[in-house]
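Below are the chains, spelled out letter by letter.
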Amino acid sequence: EKGGYQHFMLKEMHEQPKAVKDTLSPRIDDENRILLDELRLTGEELNHFNKITIVACGTAMHAGLVGKHAIETFARIPVEVEIASEFRYRDPFVDERTLLIAVSQSGETADTLAALREAKARGAHVLTITNVVGSRISREAHDVFYTWAGPEIAVASTKAYITQVVALYLIGLYLAELKGTMTRQQVGEKVAELKTLPDKIQQILDQQETIQELANKQFNQQSVFFIGRGIDDYTAKEGSLKLKEISYIHSEAIAAGELKHGTIALLEEGTLVVALATQEQLYDKMLSNMKEVKARGAYVVAVTEEPRAAEVALSADVVLTIPDTHNEFTPALAVVPLQLFAYYTAVARGADVDKPKNLAKSVTVE
Ligand code: F6R
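Residues numbered from 1 in each chain as written. Predicted model: local features only at pLDDT ≥ 70, side-chain atom pairs only at ≥ 80, totals over all residues. Heavy atoms only, no water.

Things to note about the pattern of salt bridges
The test is simple: One side-chain nitrogen of Lys or Arg within 4 Å of one carboxyl oxygen of Asp or Glu is enough to make a salt bridge. Working definition: helices are DSSP H or I runs of at least four residues, strands are E runs of at least two. Numbering for both runs from the N terminus. A 1.4 Å probe rolled over the protein chains alone gives each residue an accessible area, and that area as a share of the maximum for its type sets the label: buried under 20%, exposed over 50%, partly exposed in between.
Throughout the structure, instances matching the rule amount to 24 salt bridges. For the salt bridge of D91 with R122, the shortest nitrogen-to-oxygen distance reads 3.1 Å. Residue D91 is found in the loop between α5 (84–87) and β3 (98–104), and its partner R122 is found in the loop between α6 (110–121) and β4 (125–130); the two are separated by 31 residues along the sequence. The class for D91 is exposed, based on a relative accessible area of 60%. The partner of E292 in a salt bridge is K260, and the shortest N-O contact between them spans 3.3 Å. You can see E292 sitting in helix α13 (residues 283–295) and its partner K260 sitting in the loop between β7 (250–255) and β8 (272–277), a full 32 residues away along the chain. Judged by relative accessible area, which is 52%, K260 ranks as exposed. Shared partners join several salt bridges into a network, and the residues in it are K11, E15 and K159.

Quick notes on the site of the ligand
Defined as follows: Distances are taken per atom, and a residue is near a molecule or strand as soon as one of its heavy atoms is within 4 Å of it. As used in this structure description, the phrase polar contact means that two N or O atoms lie within 3.5 Å; if the pair is within protein, one of them must be able to donate a hydrogen and the other to accept it, and residues adjacent in sequence are counted only when both atoms belong to side chains. All accessible areas in this document rest on Shrake-Rupley with a 1.4 Å probe, and a residue is counted as covered only by the protein chains that are shown. When residues are grouped by polarity, Ala, Val, Leu, Ile, Met, Phe, Trp, Tyr, Cys and Pro land in nonpolar, Asp, Glu, Lys and Arg in charged, and all others, Gly among them, in polar.
The local shell around the ligand holds 13 residues, among which S104, Q105, S106, T109 and E245 are the closest. Contact distances for the ligand include 3.3 Å between an oxygen atom and a backbone N or O atom of V155. In this structure, E245 approaches the ligand through a side-chain N or O atom, which is 2.5 Å from an oxygen atom. Coverage of the ligand by the protein chains reaches 89% of its 410 Å² of free accessible surface. Sorting the residues of the shell around the ligand by element identifies α4 (58–75) and α12 (231–247) as the ones contributing at least two each. Per-element accounting of the shell around the ligand gives the leading share, 3 residues, to α4. Residues belonging to the shell around the ligand are distributed by class as follows: 4 nonpolar, 7 polar and 2 charged.

A look at the side chain of D354
In plain terms, the rule: For the charge count, each Lys or Arg is scored as positive and each Asp or Glu as negative, with His and the chain ends excluded.
Position of D354 relative to the elements: it lies in the segment after α15 (330–348). There is no salt bridge for the buried D354, and the closest opposite charge comes from K2, which lies 4.8 Å off by N-O distance. A polar contact is formed between the side chain of D354 and the backbone nitrogen of F8, at a distance of 2.7 Å. Here the side chain of D354 touches M9 through a polar contact of 2.9 Å, landing on its backbone nitrogen.

Quick look at α13
Our working rule: Given a helix with a known number of residues, its expected span is that number minus one, times 1.5 Å. Any two residues whose heavy atoms approach within 4.5 Å at even a single point are treated as in contact.
In a regular helix each residue adds 1.5 Å, so 13 residues correspond to 18 Å; α13 covers 18 Å between its end C-alpha atoms and thus fits that length. Those residues of α13 not exposed but buried are Y283, M286, L287, N289, M290, E292 and V293. For α13, the secondary structure elements touched by its buried residues are β6 (223–228), β8, β9 (299–305) and α14 (309–313). Directly beyond the C-terminal end of α13, a positive phi value near 95° is found at G297.

Considerations on the confidence of the model for the chain
Selection criterion: Every residue gets a pLDDT, meaning the predictor's confidence in that residue, from 0 to 100.
Residue-level pLDDT values for the chain average 96, and 100% of them are 70 or greater. Quick note on the complex model: pTM equals 0.97, ipTM equals 0.99.

With respect to the packing of α4 against α12
The line we're drawing: Angular values range over 0 to 180 degrees, each being the angle between N-to-C directions of two axes fitted as lines to C-alpha atoms, with helices fitted over their stretch in contact. Each angle gets one of four labels, with under 35 degrees taken as roughly parallel, over 145 as roughly antiparallel, 65 to 115 as roughly perpendicular, and the rest as oblique.
Axis separation between α4 and α12 bottoms out at 9 Å; the angle between their running directions is 170°. As the angle between them shows, α4 and α12 are arranged roughly antiparallel. Between α4 and α12, the contacting residues are G58, T59, H62, L65, V66 and H69 on the first element and I231, Y234, K237, E238, L241 and K242 on the second. A class-by-class count of the residues in the contact of α4 with α12 yields 5 nonpolar, 4 polar and 3 charged.

Structure (structure tokens):
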């Protein structure tokens, strides 16, 4: 049932190109137009909303953060992202002018369901992005966008995450066209790039041996830091969660500009710092953060796009590359080396990768 793979997690990471393709293809036509039958909104209804609120937990919340950036960039609608277990207890600003998006792989997470009910009771229009047909959350939402990732068995979410991100890209572009912040042609250019993601993910998976070698050298770390700016910070958060949940190494993600406001005090000779540098406009700032941590003895593993590898190598000990893509779409690629790194680190430490201690695949208790 693991299809020849040692663990479900490895199998599911390898299913990512197909999961992305299956999620995209029913929603785009040959002319790169987006067809979102699941979001039955007219332009007028859309203009009625004054904000979007995304609620989710864990990895799904990280997908929400990437989605916030995409929707704000493409459709120019303000988006807030909130952890479902916080949202539901804080008397949130939600009313009939809110479009609420609940993101949940299982569609059964208790806090996400409760947040959805809270928002519905306050009059919000509720859309869910979920991977399980007929799940509780899918039954209670007004509109459902299914990610077609297929069953995810490993506790650590990989292919579901990547399809959630892609779903949010499609929704952002769809809203942009409906609202008129992007032309059909501009949307078409983005869609054409989205179609290249499956092959690009495959190219990263093909580098798994390099990442395994790195993990085999670094698996004894006590503590690992992930740094990035902008959407790279969101990918950093996801990479950090993946590593800690399956390898049991303490790790944290910090917006790179925040380092010198405290966390840099923890760096020692040989501390592993994973630095994400995929954002054009933030690139120089990231290089200086990398130099800063290296000067304090950190061992820096950078993730960047291929065309920049040589330059980044001057400020890093190891460079992992992803294929070049549009700025907004790098999270769908940059997460893959981090998933592989978490996986091979856990394997090197002899951890039970698919069933980490203390964790359940779907959290139906509060
Ligand atoms: C981490 C992970 C969890 C889930 C979270 C939400 O790898 O899988 O953080 O993302 O428990 O679960 P769903 O998406 O089913 O609501």
